[in-house]
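# Fold and contact review
So you can see what is in the structure, the chains are spelled out below.
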Amino acid sequence: MRHRFLRLVAVVSVAGLVLAACGSDDGGGSPPAASDGAAEPADISGTTLTISNWDAYMPKSVVKGFEQETGVEVEYAIHTTNEDIMGKITAANGTGFDLVFVSGPFVQALTNLGWAAEIDQSQIPNLSNLDPEATELAFDPGNTHSVPYTWGTTGICYRDDLVGDAPTSWEAFRTPSPQTDGKMTMLGTDRWLLQPALLSLGYSINTTDPAQIEEAKAWTMSAKENLLAFDDTTFYSKLVSGEASLVQAWDGWCEYGRAEDPKNIDFVIPDEGSDLWTDTMVVLEASENKAAAYAFIDYILRPEIGKSIVEFTLYKMPNAGVMAAVDPAIIADFPTLAITPTELFEQEAQTDLGEDGTILWTETATEIKA
Amino acid sequence: MAARRSRYLHLHMWLLFTFLYLPIVVLVVLSFNASGLPTSWGGFSLEWYRDLLSNEDLLASIKNSLIVAGYVTAISTVLGTFLAIGLQRTVRSRVLDSVLFLPAVIPDIVLAIGLLSFFNLLRFTLGIHTIVIAHVVFDMIFVAAIVRTRLGYFDRRIEEAAADLGANPVKTFLLVTLPAIMPGVVAGALVAFTLSIDEFVIAFFNSGPGSITFPIRVYSMIRFGVTPVINAVAAIVMVVSLLTMLIALRLTRPKGERSANLGVGA
Amino acid sequence: MTGVAAPARRARGRVWGPRAVLLGPGVAWWVAFFLIPVGVLIAYSFFRRGPYGGVIYEPTLKNYARAFDSLYIGVLWTSVRIASIATAVSLLLAYPAALFITRAPARWRVPLLVLVILPFWTSFLIRTYAWIVLLNPAGLINKMLIGGGVIDEPLPLLYNEFAVTLGLVYAYLPLMVLPIYASLERLGPQPSEAAADLYATPSQVLRKITIPLTLPGIVAGCIFVFVPSLGNFIVPDLLGGGQTVMIGNVIQQQFLQARDWPFGAVLAMSVIALMVVVLAVQAQVHRRTQEVEHGRAA
């Protein structure tokens with residue numbers, strides 16, 4: 001079953017962490033807060049850190065490990081989408097969380113609203129572990145307001161045994177074969193909904209030109225005729241069950257499907273190219289516990305911690321040390337983990353659309369789905 | 001002629017019950033299915049129940065829901081009961097009734113975003129307390145409606161007699177009125193509890209970081225794929241709400257009374 | 001009615017104090033957390049959206065003008081259509097059921113009613129989820145139909161308007177049965193017996209006597225199904241596969257995705273407006289039937 005693999009990974013990584021923790025505890029002696037290594041600046045033990053992240057986007061063991069090591073109590077909330085957490089932050093006027101996980105364009109939105117704190121890089125020594133590419137991302141060059149967590153691209157995830165010829169183009173959604181007609185899903189969130197159309201038409205994935213959007217809308221409407229559904233969250237299980245044979249998918253989530261059906265599920269970046277998306281960690285300006293938030297980010301950037309995250313989520317981290325530490329057997333099983341930063345950087349990065357752009361995109365998405 | 005129609009009605013009833021209970025029965029059966037798949041039977045298993053018990057997020061959300069429902073039940077039972085008695089003693093007005101009952105009729109989404117805008121304006125932090133506030137708004141109305149039907153059976157002359165015998169209003173209420181309407185109050189409380197435990201839309205919009213309730217959790221589980229654990233959750237929810245409902249029902253009906261008021265009657 | 005209550009009130013004039021104590025807390029809660037929030041929503045609908053969300057307190061009617069865009073009128077129309085069909089189907093299912101229950105032996109009535117209502121008291125989300133399990137292309141119903149040789153290819157049962165309508169009927173059906181049952185029971189068997197004595201056929205009795213006299217119950221039931229269906233966003237979200245958009249989805253989207261609260265508030269106003277219309281119709285029907293009943297009683 002779907003979770004069996006993840007569960008296995010979780011168990012293994014918990015075991016690993018417990019062993020590691022025991023080892024260092026035995027060596028260090030008494031208090032868990034007094035960890036060796038880099039200088040531990042402010043005393044954050046006993047404080048509470050409120051985080052919101054996507055569901056199942058980080059192994060439990062990472063949070064537990066951080067709590068044990070620092071004595072910080074982590075209040076771990078979950079959100080379903082970027083929009084979901086943005087709505088929550090907006091509702092609370094930028095308060096309520098210390099650290100949130102959002103995709104690149106939302107970093108810009110949070111920054112423009114004045115809700116994202118400027119990052120005190122001196123408090124995150126492990127920033128130096130980041131790939132050089134990850135410090136020049138279009139939505140936040142120099143990582144002034146965000147630290148990349150994972151990154152990847154969007155492509156077509158499909159069932160070898162069900163589609164006949166392997167797809168090579170986004171046009172697959174508009175010109176289905178008898179095997180894929182009515183058995184395809186596309187992502188439904190605004191930013192990804194128009195992407196196949198824009199890439200296929202040769203436009204920027206960040207366009208706000210009404211004429212281009214209009215064309216992309218027509219393209220997507222004609223693709224909609226051939227779809228089973230718009231689906232952001234369960235497309236890979238639809239592939240596994242055979243409800244769908246070809247879906248637009250984020251690389252890591254295609255791997256969730258592959259974890260269950262390694263023989264038949266494959267991933268391809270279409271010829272027209274795709275996007276570079278980045279999920280990031282943002283400290284909120286209103287946070288009263290920034291020190292703990294920085295400590296958490298720093299913890300995530302450690303190679304051995306990042307490794308457990310990559311092996312659990314099957315998403316790449318922009319962190320060479322992490323990727324080098326990942327078990328080669330896992331990379332062999334889940335080939336999208338082998339996509340290099342250079343290859344990712346060939347894709348266009350998503351950036352914020354601005355106020356009018358957002359309205360236009362949302363309205364277009366509603367028109368397509370209605 | 002009449003016999004044929006009654007046969008038709010019989011058949012209709014059977015089909016209706018099939019429609020109503022098929023999905024529930026399927027989920028309950030699947031919750032014991034070792035394969036976890038809806039389409040093949042892999043033998044009897046309690047695996048998904050064990051999974052459920054080790055799912056910390058789910059358990060935390062159940063705890064949150066119980067806390068919310070506990071407060072909501074306490075507050076709305078008191079407010080609703082008072083409201084019912086107060087209304088009983090005021091001018092009977094259909095307009096007043098319908099206006100007061102609006103929170104129970106208005107679509108959840110409207111109430112949800114209205115409260116969200118309101119809390120935002122006042123810079124309330126969202127959390128357990130905001131969900132409680134929101135749930136009480138409509139729950140107390142349901143309690144009031146249920147208690148009121150019970151008050152309908154209550155002879156007010158008993159109260160007057162108590163007053164004549166020198167009991168003060170508080171004493172009269174505690175010793176005479178309350179015991180008489182108690183079954184209605186308890187039934188109202190049970191309904192309030194059930195409604196709060198299951199409420200999703202308003203909680204979804206008005207919850208904060210530490211206040212993910214059970215329905216919000218379930219929604220996220222469903223959104224993120226059809227997992228067999230949900231079946232186990234479903235089976236338990238069905239049994240628990242079934243029992244609560246049966247108890248509530250026993251209590252609203254005075255002995256020998258024929259009509260059952262379930263709090264949603266016209 | 002007031003005529004009856006007035007002397008009673010005078011007699012108990014002295015209990016004004018307790019009455020305020022009784023009504024006070026509930027009404028205060030109602031005002032603070034229902035009336036004022038709805039008021040805030042109304043106010044927001046006249047303000048401008050701030051860049052990146054939030055509200056700028058500059059009065060404008062632009063949000064309302066925008067709501068008349070064919071897109072939103074279309075979505076509203078879809079919602080009204082789906083909610084109406086769901087209501088009609090529920091009525092067709094509920095009326096015979098209510099009739100059956102009223103005619104059942106007395107000791108069976110309550111258990112039958114309970115059986116109809118029970119599903120309603122279990123988790124709404126889980127009940128909706130159950131239909132995903134049943135309807136999906138690889139789901140139980142399709143598997144059974146294919147296995148039985150009825151069809152070769154799975155039927156598209158899920159992720160369309162059919163599934164959404166079905167989900168709504170399933171969710172709110174008990175709310176239709178209850179008020180109809182209540183009004184049928186209040187009516188009692190006499191009118192139809194009298195009509196039968198006058199040689200009316202059963203179907204004439206049903207059409208000319210029973211249905212008109214139970215109209216208030218029918219209307220109440222229709223409201224209980226129509227109003228929550230209209231604003232529902234979960235059922236289209238889970239069963240519509242993102243391809244059926246109802247007004248609730250757009251409101252949710254404005255509050256979350258677009259973070260355009262003022263416009264979301266305007267769309268909520270459209271739901272409130274429809275609800276008011278529906279309630280007005282109910283009041284009208286109620287008044288008429290009461291007149292008829294008074295006539296009958298006199």
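Residues numbered from 1 in each chain as written. Chains lettered and ligands numbered in written order. Predicted model: local features only at pLDDT ≥ 70, side-chain atom pairs only at ≥ 80, totals over all residues.

## Here's the deal with the overall build of chain A
Worth spelling out the cut-off: Helix numbers and strand numbers start at the N terminus; a helix is a DSSP run of H or I with at least 4 residues, a strand a run of E with at least 2. Note on burial: count the other C-beta atoms lying within 10 Å of the residue's C-beta; 20 or more is buried, 12 or fewer is exposed, in between is partly exposed, and C-beta positions come from the backbone. Note on contacts: each residue gets a C-beta atom placed from the backbone, and two residues are in contact if those atoms are within 7 Å.
Along its length, chain A carries 16 helices and eleven strands. Here chain A holds 370 residues, and the buried ones make up 53% of them. In chain A, of all internal contacts separated by at least 6 residues, the share reaching a separation of at least 24 is 75%.

## Side note on the overall build of chain C
Applied cut-off: We take the radius of gyration over the C-alpha atoms and set the globule estimate at 2.2 Å times the residue count to the 0.38 power.
Of the regular secondary structure elements, chain C holds 14 helices and two strands. Against the compact-globule benchmark of 19 Å for 298 residues, chain C has a radius of gyration of 24 Å, which places it well outside the compact range. When the backbone C-alpha atoms are referred to their principal axes, chain C occupies close to 75 × 70 × 35 Å. Residues classed as buried in chain C amount to 47% of the 298 residues present. Sequence-distant contacts, at least 24 apart, represent 71% of the contacts inside chain C between residues at least 6 apart.

## A word on the domain arrangement of chain A
Residue and element names in this part refer to chain A. Rules: The split into domains, and so the bounds of each, comes from an automatic or database assignment of domains. Any residue outside Ala, Val, Leu, Ile, Met, Phe, Trp, Tyr, Cys, Pro, Asp, Glu, Lys and Arg is labelled polar, Gly included; the first ten of those are nonpolar and the last four are charged.
For chain A, the domain assignment lists domain 1 (2-151 + 278-339) and domain 2 (154-273 + 348-369). With 17 residues of domain 1 in contact, the opposing surface of domain 2 contributes 17 residues. Contributing elements (two or more residues each) for the side of domain 1 that touches domain 2: α1 (2-28) and α4 (104-112). Among the elements that make up the side of domain 1 that touches domain 2, the one with the highest residue count is α4 (four residues). A class-by-class count of the residues in the side of domain 1 that touches domain 2 yields ten nonpolar, five polar and two charged.

## Some remarks on the pairing of strand β10 (residues 275-283) of chain A
Residue and element names in this part refer to chain A. Spelled out, the test is: Paired strands are those between which DSSP finds at least two bridges.
Counted residue by residue, β10 has nine buried out of nine residues, so it is predominantly covered. Going residue by residue along β10, you find Asp-275, Trp-277, Asp-279, Met-281 and Val-283 tucked away on one face and Leu-276, Thr-278, Thr-280 and Val-282 tucked away on the opposite face as well. Pairing of strand β3 (residues 99-103) with β10, which is carried by five bridges, proceeds in the antiparallel orientation. Bridged to Ser-103 within β10 is Asp-279. With five bridges joining them, strand β4 (residues 147-152) and β10 adopt antiparallel strand pairing. Along β10, the bridge assignment pairs Thr-150 with Asp-279. Pairing geometry for β10 and strand β11 (residues 348-349), over two bridges, is parallel. Bridge pairing in β11 links Asp-275 to Glu-348.

## Considering helix α6 (residues 108-121) of chain B
All names here are of chain B. Condition: The span expected for a helix works out to 1.5 Å for each residue beyond the first.
Over its 14 residues, α6 runs 20 Å from end to end, which matches the ideal 20 Å to within 8%, given 1.5 Å per residue. Burial of α6 is extensive: twelve of the 14 residues sit out of reach of the surface. Positive backbone phi, at 55°, marks Arg-123, one or two positions downstream of α6.

## A few points about the confidence of the model for chain C
Interpretation of this model should avoid reading the predicted coordinates in detail wherever pLDDT is low. Residues and elements named next belong to chain C. Filter applied, for reference: On a range of 0 to 100, pLDDT expresses the predictor's confidence in each residue.
On average, residues of chain C score 86 in pLDDT, and 92% of them are at 70 or above. Confidence, expressed as mean pLDDT per element, reaches its minimum in chain C at helix α1 (residues 2-11) with 42 and its maximum at helix α4 (residues 70-103) with 95. Across residues 1-15, where pLDDT falls below 50, the model places six contacts with residues more than four positions away in sequence or in other chains. Interface confidence for the predicted complex, given as ipTM, is 0.85, next to a pTM of 0.85.

## Notes on the interface of chain A and chain C
Each partner contributes to the interface: chain A provides 28 residues, whereas chain C provides 25 residues. Secondary structure elements with two or more residues in the side of chain A that touches chain C: α3 (82-91), α4, β7 (227-230) and α16 (354-369) of chain A. No other element matches α16 of chain A, which puts eight residues into the side of chain A that touches chain C. A per-class count over the side of chain A that touches chain C returns eight nonpolar, ten polar and ten charged.

## Remarks on the packing of helix α8 (residues 210-224) of chain A against α16 of chain A
Residue and element names in this part refer to chain A. What counts, and what does not: Where helices are involved, their axes are fitted lines through C-alpha atoms of the stretch in contact, as for all axes, and angles between N-to-C directions lie from 0 to 180°. Angular relationships are summarised with four words: roughly parallel below 35 degrees, roughly antiparallel beyond 145, roughly perpendicular across 65 to 115, and oblique for the angles in between. Crossing handedness follows the turn of the near helix against the far one: under a right angle anticlockwise gives a left-handed crossing, and clockwise gives a right-handed one.
Between α8 and α16, the shortest axis-to-axis distance is 10 Å and the interhelical angle comes to 25°. Taken together, α8 and α16 sit at an angle that is classed as roughly parallel. Classified by chirality, the crossing of α16 by α8 is right-handed. Seen from α8, the contacting residues are Pro-210, Ile-213, Lys-217, Thr-220, Met-221 and Lys-224; seen from α16, they are Leu-360, Thr-364, Glu-367 and Ile-368. In terms of residue class, the contact of α8 with α16 is made up of five nonpolar, two polar and three charged.

## Some remarks on the nonpolar core
Using the following cut-off: Each nonpolar core consists of buried Ala, Val, Leu, Ile, Met, Phe, Trp, Tyr and Cys residues. Their C-beta atoms, within 7 Å, join them into a set.
Counting 270 residues, the largest nonpolar core has Cys-157 and Phe-296 of chain A, Ile-113 of chain B together with Ala-98 and Val-177 of chain C as its most contacted members. It is helix α8 (residues 161-187) of chain C that contributes the most residues to this core, 17 residues altogether. For this core, the domains that each give at least three residues are domain 1 (2-151 + 278-339) and domain 2 (154-273 + 348-369) of chain A. In contact with Cys-157 of chain A, other than residues within four places in its own chain, are Tyr-236, Leu-239, Val-247, Ala-249, Cys-254, Gly-257, Ile-265 and Phe-267 of chain A.

## Observations concerning the interface of chain C and chain B
How big an interface is tends to be stated in terms of accessible area lost as the parts join. In this assembly, 79 residues from chain C lie in contact with 68 residues from chain B. With 16 residues, the top contributor of residues to the side of chain C that touches chain B is helix α2 (residues 16-44) of chain C. Tallied by class, residues from the side of chain C that touches chain B come to 64 nonpolar, ten polar and five charged.

## Regarding helix α2 (residues 60-70) of chain A
What counts, and what does not: Starting at the helix axis, one direction is taken to each C-beta atom, and the arc is that of these directions.
For α2 of chain A, the complete set of buried residues consists of Ser-61, Val-62, Gly-65, Phe-66 and Thr-70 of chain A. The buried side chains of α2 of chain A occupy one side of the element, clustering within an arc of 145° when seen end-on.

## Brief notes about the environment of Tyr-44 of chain C
Structurally, Tyr-44 of chain C is set in helix α2. Residue class for Tyr-44 of chain C comes out buried when judged on the 27 C-beta atoms lying within 10 Å of it.

## Some remarks on the sheet that holds strand β5 (residues 154-159) of chain A
In a beta sheet, neighbouring strands are held together by backbone hydrogen bonds and run either parallel or antiparallel to one another. All names here are of chain A. Spatial ordering of the open sheet is given by β7-β6-β8-β5-β9, a layout of five strands whose pairing is mixed. In this open sheet, the two edge strands, each paired with only one partner strand, are β7 and β9 (265-268). Between one strand axis and the next, the sheet turns through 30° on average, direction left out of account. Here β5 runs beside β9; their pairing, made up of four bridges, is antiparallel. Following the sheet pairing, Ile-156 is matched in β9 by Val-268.

## Description of the packing of α4 of chain C against helix α11 (residues 215-231) of chain C
The angle between the axes and the distance between the axes are what describe a pair of packed helices. All names here are of chain C. Their axes nearest at 9 Å, the elements α4 and α11 cross at an angle of 140°. As far as their axial angle goes, α11 and α4 are oblique. For the pair α4 and α11, the sense of crossing is right-handed. Residue-level inspection shows Ser-79, Val-80, Ala-83, Ser-84, Ala-86, Thr-87, Ser-90, Leu-91 and Ala-94 of α4 in contact with α11, the latter providing Ile-218, Gly-221, Cys-222, Val-225, Phe-226, Ser-229 and Leu-230. The class makeup of the residues in the contact of α4 with α11 is ten nonpolar, six polar and no charged.

## A closer look at the confidence of the model for chain A
Looking at chain A as a whole, its pLDDT mean stands at 87, while 89% of the residues score no less than 70. Confidence drops under a pLDDT of 50 for residues 1-40 of chain A, and excluding neighbours within four residues, the segment shows 38 contacts in the predicted structure.

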